[in-house]
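# Chain and residue survey
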Amino acid sequence: MIWTLKKIYYRTVQSVVRTGAKLVHFKEPKLITGAGSVNKLPDIMKKEHIDKALIIVSKTIMKSGLLDNVLGKLKENNIGYEIYDSVKPNPTIENIEECLKVYQNTNCNAIAAIGGGSPIDCAKVVAARATNSNLQIKDLRGFLKVKKSIPPFFAVPTTAGSGSEATVAAVVTDSTTHEKYAIADLKLIPDFAILDPELTVGVPKQLTASTGMDALTHAIEAYVGKNGTNYTNHKALKATKMIIDNLEIVYKDGTNIEGRNSMLLASNYAGEAFTRAYVGYVHAIAHSIGGLYGVAHGQANAIILPKVLEYYGESVYKKLSEIAIYINLGNKNESQKDLALKFIAKIKDMNKNMNIPLGIKELREEDIHLIAQRATKEGNPGYPVPKIISINECEELVKNLIVKL
Ligand SMILES: [Fe+2]
């Protein structure tokens, strides 16, 4: 009885948030796309009257020489810059604070984040702290805690997955509690997003696979959740189709520029969808597991996604059947259940073809309760999931992720 009342309470909160969200205006970053588009960054910065930018960039990209042209053009345009290339894979509070000091000590007035989800997320929190120095990172946890607007912000993703260049959110890790949490605010949406497929050509196979499955998870969780609108559903469907059509191609041949371009766009569309319609328990469980063991976010999502969709059962058959038809996996004459199961089987096939394991090898039986506790705390009532699950149900789900030898 108490659980039934709790579920009613969660749905009521979600319905209030959904109504409120309709009144909110989400900025769309100005999109610059195509091979070589990163070279437009200096001209864009000049037009935006930037004097000096902090460039938060992944070490791999910095070493690759792919930015030499951009840095040269910044100098030509008399735009100063400082480089910070020490972002950790799951940026910690200490890591972000170190980066903030560089911004403050070198008189920058703009931020460019060039990298995967971690550098972009790190940069968002640095930007929030830069103009809200009275607030600590822990004070920014949750929704709408950033009081003042952030400096001009340019995001250049170098992996096709997080969609962070389109979203309100940044995920940080508290290294003392091994907890991952999100900071979400409309002010964190970048001003510009540059999607240059040439920057993603060198992404290793397994990272291509896991980040791509992260983007797929964003699209699917946004689509099957209860906050979908025409706008988010359209973006989510398009993203799903582009990922199904291109991810395995670029996994096999990373130099396929057309495929890489489609994956960057798909990741961006999925980002636009989930930042408005939210994610679900796949992400809640992946964050919980990622915080405890440092498992790569995309890989955790890829493994958890089919299990959660199976667990949702009937509640997602209709939505998954719509996706299955959209991606040409079946037709209207088939039952919703058959189409939904075909789609889940397709995800499992993709995982298998890209060497993504069936379970989380780091997962230990004794941590299951804590993982379920943290995941349900994140998901209930925050995520408008198709089916609400309790801690006990979540424990059952997490148990399924243990690798059976
Ligand atoms: Fe994600």
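Residues numbered from 1 in each chain as written. Predicted model: local features only at pLDDT ≥ 70, side-chain atom pairs only at ≥ 80, totals over all residues. Heavy atoms only, no water.

## A closer look at the overall build of the protein
The condition that has to hold: Helix numbering and strand numbering both begin at the N terminus, where a helix is a DSSP run of H or I of at least 4 residues and a strand a DSSP run of E of at least 2. Using C-alpha atoms as the atom set, the radius of gyration is obtained and then compared with a globule rule of 2.2 Å times the number of residues to the power 0.38. Three labels apply to residues, based on accessible area from a 1.4 Å probe with only protein chains included: buried if under 20% of the type maximum, exposed if over 50%, partly exposed otherwise in between. In what follows, a contact means two residues having at least one pair of non-hydrogen atoms within 4.5 Å. Surface accessibility follows the Shrake-Rupley procedure with a 1.4 Å probe radius. Residue values consider only the protein chains on display as shielding. Just so you know, the count uses Lys and Arg for positive and Asp and Glu for negative, and it drops His and the chain ends. Where a charge lies is defined by one atom per residue type: Lys uses NZ, Arg uses CZ, Asp uses CG and Glu uses CD.
On a plain count of helices and strands, the protein comes out with 15 helices and nine strands. Its C-alpha atoms give the protein a radius of gyration of 20 Å, near enough to 22 Å, the size a compact globule of 405 residues would have. Counting only C-alpha atoms and orienting by the principal axes, one finds that the protein spans roughly 65 × 45 × 45 Å. Evaluated residue by residue, the protein yields a buried proportion of 56% over its 405 residues. Relative to all contacts within the protein whose residues are 6 or more apart in sequence, the contacts with residues 24 or more apart total 78%. A total of about 17300 Å² of accessible surface is found on the protein, and carbon and sulfur atoms cover 54% of it. Of the charged side chains in the protein, 50 are positive and 41 negative, and the gap between their average positions amounts to 4 Å.

## Quick notes on the pattern of salt bridges
Which entries qualify depends on this criterion: Whenever a carboxyl oxygen of Asp or Glu lies within 4 Å of a side-chain nitrogen of Lys or Arg, that contact is scored as a salt bridge.
Evaluated as defined, the whole model comprises 15 salt bridges. The partner of Glu362 in a salt bridge is Lys361, and the shortest N-O contact between them spans 3.4 Å. In this structure Lys361 comes out as exposed when scored by relative accessible area, which is 69%. The residue Lys399 makes a salt bridge to Glu396 at a minimum N-O spacing of 3.6 Å. Of this pair, Lys399 and Glu396 both sit in helix H15 (residues 391-399), three residues apart, roughly one helical turn.

## Some thoughts on the sheet that holds strand E1 (residues 30-33)
Keep this limit in mind: Here, strands pair whenever DSSP counts at least two bridges between them. Helix axes use the C-alpha atoms of the stretch in contact, all axes being lines fitted to C-alpha atoms, and the angles between their N-to-C directions lie in the range 0 to 180 degrees.
Strand order in the open sheet formed by six strands is E1-E9-E6-E4-E2-E3, with parallel pairing between adjacent strands. Both edges of this open sheet fall to E1 and strand E3 (80-84), since each of them pairs with a single strand only. Neighbour to neighbour, the strand axes of the sheet diverge by 20° on average, direction disregarded. Two elements, E1 and strand E9 (residues 192-195), share four bridges in a ladder whose sense is parallel. Bridge assignment links Thr33 to a residue of E9, and that residue is Leu195. Where helix H6 (residues 117-131) meets the sheet, its contacts fall on strand E2 (52-57), strand E4 (110-115) and strand E6 (153-157), and the angle it forms with E4 comes to roughly 165°.

## A few points about helix H13 (residues 336-353)
Note the following rule: Residue count minus one, scaled by 1.5 Å, sets the expected span of a helix. The arc in question is traced by the directions running from the helix axis to the C-beta atoms.
In a regular helix each residue adds 1.5 Å, so 18 residues correspond to 26 Å; H13 covers 26 Å between its end C-alpha atoms and thus fits that length. What H13 keeps buried is the set Leu339, Ala340, Phe343, Ile344, Ile347, Met350 and Asn351. Burial along H13 is one-sided: seen end-on, the buried residues are contained in an arc of 140°. Contacts from the buried residues of H13 go to helix H7 (205-224), helix H8 (230-252), helix H11 (297-312) and helix H12 (317-326). Where H13 ends, the next residue or the one after it, Asn355, has phi of about 55°, a positive value.

## Quick word on the sheet that holds strand E5 (residues 142-143)
Taking strand neighbours across the sheet as the criterion, the three strands line up as E5-E8-E7 in an open arrangement whose pairing is mixed. For this open sheet the edge positions go to E5 and strand E7 (169-174), each flanked by a neighbour on one side alone. Both E7 and strand E8 (residues 179-184) contribute to a ladder of six bridges, which runs antiparallel. What sits directly across from Ala170, in E8, is Ile183.

## Thoughts on the coordination of the iron ion
To keep things clear, this is the line we draw: Here the term donor refers to an N, O or S atom within 2.8 Å of the metal (or 3.2 Å for Na, K and Ca), and because water is left out of the atoms, sites may appear incomplete.
Coordination of the iron ion by the protein comes from Asp214 (OD), His218 (NE2), His283 (NE2) and His297 (NE2), over a distance range of 2.1 to 2.2 Å. Along the chain, the residues that donate to the iron ion are spaced as D-x3-H-x64-H-x13-H. Here the residue His218 occupies a position in helix H7, and His297 occupies one in helix H11, the gap between them amounting to 79 residues. According to the relative accessible area criterion, His218 is buried, its value standing at 3%.

## Observations regarding the environment of Pro157
Mapped onto the elements, Pro157 comes out in strand E6. Separated by 42 residues in sequence, Pro157 and Gly115 place their C-alpha atoms 5.1 Å apart. Once you skip the residues sitting within four places of it in the chain, Pro157 turns out to touch Gly115, Ile120, Glu165, Ile194, Leu195 and Leu264.

## Regarding the nonpolar core
In a soluble, globular protein the nonpolar side chains are often hidden away together inside. Operational definition: In this description, a nonpolar core means a group of buried Ala, Val, Leu, Ile, Met, Phe, Trp, Tyr and Cys residues linked to one another through side-chain atoms lying within 4.5 Å.
Judged by nonpolar contacts, the single largest core of 76 residues is most densely connected at Met213, Ile220, Ile285, Ile289, Ile304, Leu320 and Phe343. Not counting the four nearest positions on each side in its chain, Ile285 is found in contact with Ile304, Val308, Ile371, Ala375, Cys394, Leu397, Val398 and Leu401. In terms of nonpolar packing, the next biggest core, distinct from the first, is built from 31 residues, Ile96, Cys99, Ile120 and Ile137 among them.

## Some points on the environment of Leu100
Tracing the chain through its elements places Leu100 in helix H5 (residues 93-105). For Leu100, a relative accessible area of 2% translates into the label buried. Each C-alpha atom, one on Leu100 and one on Ala128, is 9.7 Å from the other, the two residues being 28 residues apart in sequence.

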